Amino acid sequence: PRPVVYRTIDFRTNEFRGLKGGEAFEAVEANPMIGYRGCYRYVREPDLFRLELDVLARVRDETPNLHVMIPFVRTRWELETCLDLIDASPLGRQRGLHKWVMAEVPSVVYRIPEYAALGVDGVSIGSNDLTQLMLGVDRDSEVCAELFDESDAAVLDAIRQIIAACRGAGITSSLCGQ
């Protein structure tokens, strides 16, 4: 009976390439952690996103407590496009659907009021990705592992700012990560 927020697929190109047959479809990127993923992938591949939204609409027919979250949002225009795709889908036409975004990219710190005005109901702070982008260290790098610190003052300040902006905008915030 409690709300369930489904984070849409956010595979990186290297993760998709690792699936059977994936190498035939996915590019090789030097740094897939900050590459073709999340919200931008949905903008570039709207048919794939629509397929996922159609499946979620079918699930939500039986489980109306299901809501949707968009990962790795970098810019307002990406988010607007994704929200338009959601609204145009069978999922978006269902009453009471809540839309969330992940706060994994530092730009989100400055955009929460705009995102709330676009109809975003909640923000989930992805502390792993936020840390890597705040500190400029690939979280998958063994060489730089000692630099990855989610308790760094800059990361904690960004988290505080996101929470305060969410409160100010009247939307929910949560934390996922370490």
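Residues numbered from 1 in each chain as written. Predicted model: local features only at pLDDT ≥ 70, side-chain atom pairs only at ≥ 80, totals over all residues. Heavy atoms only, no water.

Moving on: a nonpolar patch on the surface. Together, Leu48, Leu51, Val55 and Val59 line one region of the surface with nonpolar side chains, adding up to about 330 Å² of accessible area. Along the chain, Leu48 falls in helix α3 (residues 46-62). (Patch = residues over 30% accessible without salt bridge, like charges linked within 9 Å, V, L, I, M, F, W, Y side chains within 5 Å. Areas by Shrake-Rupley, 256 points an atom, 1.4 Å probe, with all protein chains shown as cover. Salt bridge = Lys/Arg side-chain N within 4 Å of Asp/Glu carboxyl O. Helix = DSSP H or I, 4+ residues; strand = E, 2+ residues; numbered from the N terminus.)

Here the focus is the sheet that holds strand β5 (residues 172-176). The strand order across the open sheet formed by five strands is β1-β2-β3-β4-β5, and the pairing between neighbours is parallel. In this open sheet, the two strands that pair with only one neighbour each are β1 (4-7) and β5. Ignoring strand direction, the axes of neighbouring strands in this sheet form an average angle of 30°. For strand β2 (residues 66-70) and strand β3 (residues 99-103), the ladder comprises three bridges, and the chain directions are parallel. From the neighbouring strand, Val68 faces β3, where its bridge partner is Lys99. Packed onto the sheet, α3 meets β1 and β2 and runs at close to 160° relative to β2. (Pairing = 2+ DSSP bridges. Axes fitted to C-alpha atoms, helices over the stretch in contact; angles between N-to-C directions. Contact = heavy atoms within 4.5 Å.)

Here we take up helix α7 (residues 153-169). Between its first and last C-alpha atoms α7 spans 24 Å; for 17 residues at 1.5 Å apiece the expected length is 24 Å, and the two agree. Residues of α7 that are buried in the fold lie against β3, α5 (108-117), β4 (122-126), α6 (127-135) and β5. For α7, the N-terminal capping position is held by Asp152, with its side-chain oxygen 2.9 Å away from the main-chain nitrogen of Ala154. A positive phi of about 75° marks Gly170, the residue just after α7. (Expected span 1.5 Å × (residues − 1). Polar contact = N/O pair within 3.5 Å; in protein donor to acceptor, adjacent residues only side chain to side chain.)

Here we take up the packing of aromatic side chains. Tallying each qualifying case throughout the model produces three aromatic pairs. Residues Tyr36 and Tyr40 carry aromatic rings whose centres are separated by 6.0 Å and whose planes lie at 85° to one another, so their mutual orientation is edge-to-face. Assessed through its relative accessible area of 24%, Tyr40 is described here as partly exposed. Note on Tyr40 and Trp77: the rings are 6.4 Å apart at their centroids and 90° apart in plane angle, and the pair reads as edge-to-face. Note that Tyr40 is positioned in helix α2 (residues 38-44) and Trp77 in helix α4 (residues 76-88), a separation of 37 residues in sequence. Residue Trp77 is classed as partly exposed on the basis of its relative accessible area of 47%. Taken together, the ring pairs in this structure connect Tyr36, Tyr40 and Trp77 into an aromatic cluster. (Phe/Tyr/Trp six-rings, centres within 6.5 Å; stacked < 30°, edge-to-face > 60°. Buried < 20%, exposed > 50% of the residue type's maximum accessible area, 1.4 Å probe, protein only.)

Helix packing geometry: the angle between the two helix axes and the distance between the axes. Interhelical geometry of α6 versus α7 gives an angle of 120° and a closest axis separation of 9 Å. Put simply, α6 runs oblique to α7. Classified by chirality, the crossing of α7 by α6 is right-handed. Of α7, the residues touching α6 (which contributes Leu130, Thr131, Met134 and Leu135) are Ala154, Val155, Ala158, Ile159 and Ile162. The residue makeup of the contact of α6 with α7, split by class, is eight nonpolar, one polar and no charged. (Parallel < 35°, antiparallel > 145°, perpendicular 65-115°, else oblique. Left-handed = near helix turned anticlockwise from the far one by under 90°. Nonpolar A, V, L, I, M, F, W, Y, C, P; charged D, E, K, R; others polar.)

Before going further, it helps to examine the nonpolar core. Phe49, Ile70, Ile86, Ile112, Val123 and Ile162 are the most contacted members of the largest nonpolar core, which has 36 residues in total. A per-element tally of this core places α7 first, with six residues. Contacts of Val123, omitting those with residues within four sequence positions, involve Trp100, Val101, Ala103, Ile112, Ile162, Cys166, Ile171, Thr172, Ser173 and Ser174. (Core = buried A, V, L, I, M, F, W, Y, C linked by side-chain atoms within 4.5 Å.)

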